[in-house]
Amino acid sequence: MTAFLSIRNLHKSYHGNVAVQNVSLDIRKGEFVTFLGPSGSGKSTTLYVIAGLMSPTGGDVLVNGRTILDVPSNHRNIGMVFQKYTLFPNMTVRENIAFPLVVRKRPRDEIEARTNEMLRLVRMEQLAGRYPAQMSGGQQQRVAIARAMVYEPEILLMDEPLSALDKKLREEIQGEIKRVHERTGVTILYVTHDQEEALRLSDRIILFNTGRVEQIGTCTDLYTSPRSRFAGQFLGNSNFMPVEIMDAAAGTIRLPGGACVENVRICDSGDVDHPLLMMRPEDLTFRKAGDCASSFDGQVRSSYFLGNVMNYEIGIPGDYTLTMRVYIDGTEHPPQTGDRVSVGWLPHKAIVFR
Amino acid sequence: MLLSFENLGPWRIALGIIAALVTAFLVCPLVLIVMLSFDSSPWLVFPPPHWTLRWYRELFTDPDWLGSFMVSLEVGLTVTVLSVLLGLITAIGISRTRTAWRPACETAFLMPMILPVVVTAIALYAFFLRIHLNGTFCGFVIAHLILALPFSVGAILNGLAHIDPAIENAAVLCGSSRTYAIMRITLPSLRPALFSAAIFSFLASWDEVVVAIFMASPSLQTVPVRIWGNLQQDLSPVIAAVSTVLIVLSGLFIFGANFMKSEKK
Ligand SMILES: Nc1ncnc2c1ncn2[C@@H]1O[C@H](COP(=O)(O)OP(=O)(O)OP(=O)(O)O)[C@@H](O)[C@H]1O
Ligand SMILES: [Mg+2]
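Here the structure is a predicted model, which is why all the values come from computation and not from measurement. (Residues numbered from 1 in each chain as written. Chains lettered and ligands numbered in written order. Predicted model: local features only at pLDDT ≥ 70, side-chain atom pairs only at ≥ 80, totals over all residues. Heavy atoms only, no water.)

Caption draft 1: Seen up close, the overall build of chain A. Within chain A, the secondary structure is distributed over 8 helices and 22 strands. The principal-axis extent of the C-alpha atoms belonging to chain A is close to 80 × 45 × 35 Å. Taken over 354 residues, chain A has a buried fraction of 50%. Counting only contacts in chain A whose residues sit at least 6 apart along the sequence, the fraction spanning at least 24 positions is 67%. A total accessible area of about 16500 Å² is found for chain A, and carbon and sulfur atoms account for 48% of it. Between the centroid of the 40 positive side chains of chain A and the centroid of its 40 negative side chains there is a distance of 6 Å. (Helix = DSSP H or I, 4+ residues; strand = E, 2+ residues; numbered from the N terminus. Buried < 20%, exposed > 50% of the residue type's maximum accessible area, 1.4 Å probe, protein only. Contact = heavy atoms within 4.5 Å. Areas by Shrake-Rupley, 256 points an atom, 1.4 Å probe, with all protein chains shown as cover. Lys, Arg positive; Asp, Glu negative; His and termini not counted. Charge placed at Lys NZ, Arg CZ, Asp CG, Glu CD.)

In structure tokens:
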């Protein structure tokens, strides 16, 4: 299968400062792909190169196997929604949405019909006559989405479209975006540094770090099998602890306390100086003391209640702290702050980066 | 606010007095000249022995003065139009230059504002002598355009700084050409800046005297040049009448401009 949108060895530097290096991606038609990564990791730059607002210093961008780098932005048939509000201030909502069709010189009744359709899609029919300055941020971004979709582009780029909005509104418009994606089948490239947003929206996540692609995968891939310490740390919460690798083939490691454990996944991450064990908070459970080797004896430092789960901070010998998240079913008595506990973990769910 | 007028206590009175004194200092000369323009004595006696409209009658029946008003207006308006157009192109160019040359460009275009006017005037005079532009309308306009352009470029650059380039980029991604996006999206947002540019450009030409003296010919004299010339020959109250007319016109102009500005918001 050939990819719909391919990025090959993309490279971009600003006056010698490298912003994006050696990024290669293949994206299927109709996919919802999210660029996730910390600030300054090159997400926007990659998007701008695809949009044609910047030219790369190296590499290629292909659609259906043909390069689009020599096509000017206004002929690429790509829609884009920016982080900043970019509605045309001198036009009403309706005129804003109709603009792409007007510049394409479509017949008037088609413009009318399409604009109405888009107004309905983003549920802005009531405010069609308003000017951007008379609307909230969320309403403006909804209109911006409609404007970017009205001419049926094959690719929709979104650069943190919701980062200026509050949480509730953000979730509402995430739902809206998801719905638009399902209805229209447009290929969406979405930038965010909000991991929850990435998990909620995307088919696949592309994790960026310092201008490179750190890992590509589905949300579950990235969460359960991070390929580097960075990936493990960026997505979700994790416990880290230095260990020694005894036998890499069998997955045998030695914990700081001296105990040896087998069957741990070992992963060549390249971003650690010393082998590092990673355990997810929800993979830890309370055990009876001395139950098995893969457990730590410690003391509850603090705990807080999060609906039906408890969050614990456990102090263990060697001055480490484990964070664990335990489901409370109400039948047993949960440990309290100060209690001595034994914490068990599952070696096959933990990962050692080396 | 810490330093708001309400919080000043007894200082309020002192501040009020200072403000009144400064205002009086600024307004007194104007009041004096307005009064002199109605003075019946031809020797500018103060206080005026009698009131008269004689000087205004003289002014408005004198073809030389009326001609000067026309010249001032023609030069001023031509300069305004050219200055805004050129200023717009220049400012867009400067604001989109990504190179290290940008500050240099900006300084070069703002130079005439910093240079002593008399230096500009002499340089232009010497140059225009060579290319035979002295005393022509065209030369006059070019000379004033050089003085007006920095104001125009400055005002438009300032306006552009307040417009997010992402909006124009959005228009381009929507399928519009760059030129159409500028015309349809950026320019309308730039209207207040263009308006300021026009006002400053017009005023830069309208009340300019130094360069104008060098550029003038007997048949091409702006109002300030004619005032200057008359002052050197004889001191007639007609000058006071001209000044009063100028004060009223400028006042109307500024009020009108401010009014239109606040209408836009
Ligand atoms: N116009 C520019 N000139 C110089 N350097 C730039 C420019 N734009 C971006 N950079 C640099 O390029 C790198 C990547 O920037 P980019 O905007 O792509 O990051 P990002 O992942 O989108 O970050 P954020 O989440 O903060 O938006 C950063 O180090 C940034 O400082
Ligand atoms: Mg960005």
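Caption draft 2: Focus on the domain arrangement of chain B. Domain annotation of chain B identifies domain 1 (5-36) and domain 2 (62-237). Averaged C-alpha coordinates put domain 1 of chain B and domain 2 of chain B at centres separated by 34 Å. (Domains from an automatic or database assignment.)

Caption draft 3: Layout of the interface of chain A and chain B. The partner chain B presents 17 residues to the 21 residues of chain A that form the contact. Area buried by chain A at its contact with chain B is led by Asn-74, Asn-90 and Phe-99 of chain A, which between them contribute 27% of it. The residue Lys-84 of chain A makes a salt bridge to Asp-164 of chain B at a minimum N-O spacing of 3.5 Å. For the interface between chain A and chain B, the tally reads 5 residue pairs in polar contact (both at pLDDT 80 or more). Of all elements in the fold, only strand E6 (78-81) and helix H2 (93-103) of chain A reach the threshold of two or more residues within the side of chain A that touches chain B. With 3 residues, H2 of chain A is the largest single contributor of residues to the side of chain A that touches chain B. Classifying every residue of the side of chain A that touches chain B by side-chain character gives 14 nonpolar, 4 polar and 3 charged. (Buried area = accessible area lost by both parts, 1.4 Å probe. Salt bridge = Lys/Arg side-chain N within 4 Å of Asp/Glu carboxyl O. Polar contact = N/O pair within 3.5 Å; in protein donor to acceptor, adjacent residues only side chain to side chain. Nonpolar A, V, L, I, M, F, W, Y, C, P; charged D, E, K, R; others polar.)

Caption draft 4: Highlighting the site of ligand 1. All names here are of chain A. Residues in close proximity to ligand 1 include Tyr-14, Ala-19, Pro-38, Ser-39, Gly-40, Ser-41, Gly-42, Lys-43, Ser-44, Thr-45, Glu-160 and His-193, which together make up its full environment. A distance of 2.5 Å is found between an oxygen atom of ligand 1 and a side-chain nitrogen or oxygen belonging to Ser-39. One of the side-chain nitrogen or oxygen atoms of Lys-43 is found 2.8 Å away from an oxygen atom of ligand 1. Across the complex, the protein chains shield 59% of the 640 Å² of accessible surface that ligand 1 would expose by itself. Sorting elements by how many residues they give to the shell around ligand 1 places helix H1 (residues 43-51) first, with 3 residues. Per-class residue counts for the shell around ligand 1 are 3 nonpolar, 7 polar and 2 charged. (Near = heavy atom within 4 Å.)

Caption draft 5: Fine view of the confidence of the model for chain A. When the pLDDT values of chain A are averaged, the result is 88; 97% of them are 70 or greater. By mean pLDDT, strand E17 (residues 285-287) of chain A is the weakest element of chain A at 82, and H2 of chain A is the strongest at 95. (pLDDT = per-residue confidence, 0-100.)

Caption draft 6: Here's a closer look at the UniProt feature "transmembrane region" (unreviewed entry) in chain B. Residues and elements named next belong to chain B. Cross-referencing UniProt, the feature "transmembrane region" (unreviewed entry) maps to residues 12-38, 75-95, 107-128, 134-157, 193-215 and 235-259 in the present numbering. This span, residues 193-215, is 87% helix and 0% strand, and a straight line between its end C-alpha atoms measures 30 Å. What you have in residues 235-259 is 92% helix and 0% strand, and the ends, taken at the C-alpha atoms, are 37 Å apart. (UniProt positions renumbered as here; feature names shortened; annotations may be inferred.)

Caption draft 7: How the structure looks around unusual backbone geometry. Residues and elements named next belong to chain A. Its identity is not glycine, yet Glu-152 carries a phi of approximately 50°, on the positive side. Within the secondary structure, Glu-152 is located in the loop between helix H4 (137-149) and strand E7 (155-159). By relative accessible area, Glu-152 is classed as exposed at 56%. For Glu-160, which is not glycine, the phi torsion reads 45° and is therefore positive. You can see Glu-160 is positioned in the loop between E7 and helix H5 (167-184).

Caption draft 8: Summary view of the domain arrangement of chain A. Residues and elements named next belong to chain A. Each domain of chain A was delimited in the assignment, giving domain 1 (5-229) and domain 2 (237-353). A C-alpha centroid distance of 39 Å is found between domain 1 and domain 2. Across the contact, 9 residues belong to domain 1 and 13 residues belong to domain 2. Across the domain 1/domain 2 interface, buried area totals approximately 810 Å², and carbon plus sulfur atoms make up 49% of it. Of all residues in domain 1, Tyr-223, Pro-226 and Arg-229 bury the most surface against domain 2, accounting for 67% of the area lost on that side. Our enumeration of links across domain 1 and domain 2 arrives at 0 salt bridges. Counting every contact that joins domain 1 to domain 2 gives 5 residue pairs in polar contact (both at pLDDT 80 or more). Sorting elements by how many residues they give to the side of domain 1 that touches domain 2 places helix H7 (residues 219-224) first, with 3 residues.

Caption draft 9: Representation of the sheet that holds strand E12 (residues 244-247) of chain A within the structure. Residues and elements named next belong to chain A. Strands sit in the order E12-E13-E14 across an open sheet of 3 strands; the sheet is antiparallel. Among the strands making up the open sheet, the edge pair consists of E12 and strand E14 (260-261). Pairing of E12 with strand E13 (residues 252-254) involves 3 bridges; the strand directions are antiparallel. What sits directly across from Glu-244, in E13, is Arg-254. (Pairing = 2+ DSSP bridges.)

Caption draft 10: The arrangement of the sheet that holds strand E15 (residues 265-267) of chain A in detail. Residues and elements named next belong to chain A. Strand order in the open sheet formed by 4 strands is E11-E16-E22-E15, with mixed pairing between adjacent strands. Two strands close off the open sheet at either side, each with one partner strand: strand E11 (239-242) and E15. Each strand of the sheet is rotated relative to its neighbour by a mean of 25°, with strand direction disregarded. Summarising the sheet, strand E16 (residues 276-279) and strand E22 (residues 351-353) pair through 3 bridges and their orientation is antiparallel. Bridging across to E22, Leu-277 finds its partner in Val-352. (Axes fitted to C-alpha atoms, helices over the stretch in contact; angles between N-to-C directions.)

Caption draft 11: Representation of the pairing of E7 of chain A. Residues and elements named next belong to chain A. Within E7, 5 of the 5 residues are buried, leaving the element largely enclosed by the surrounding structure. Every second residue of E7 is oriented toward a common face, with Ile-155, Leu-157 and Asp-159 on one face and Leu-156 and Met-158 on the other, all of them buried. Examined bridge by bridge, E6 and E7 share 4 bridges and lie parallel to one another. In the sheet register, Ile-78 faces E7, and the bridge partner there is Ile-155. Of the pairings in the sheet, the one linking E7 to strand E8 (residues 187-192) comprises 5 bridges and is parallel in character.

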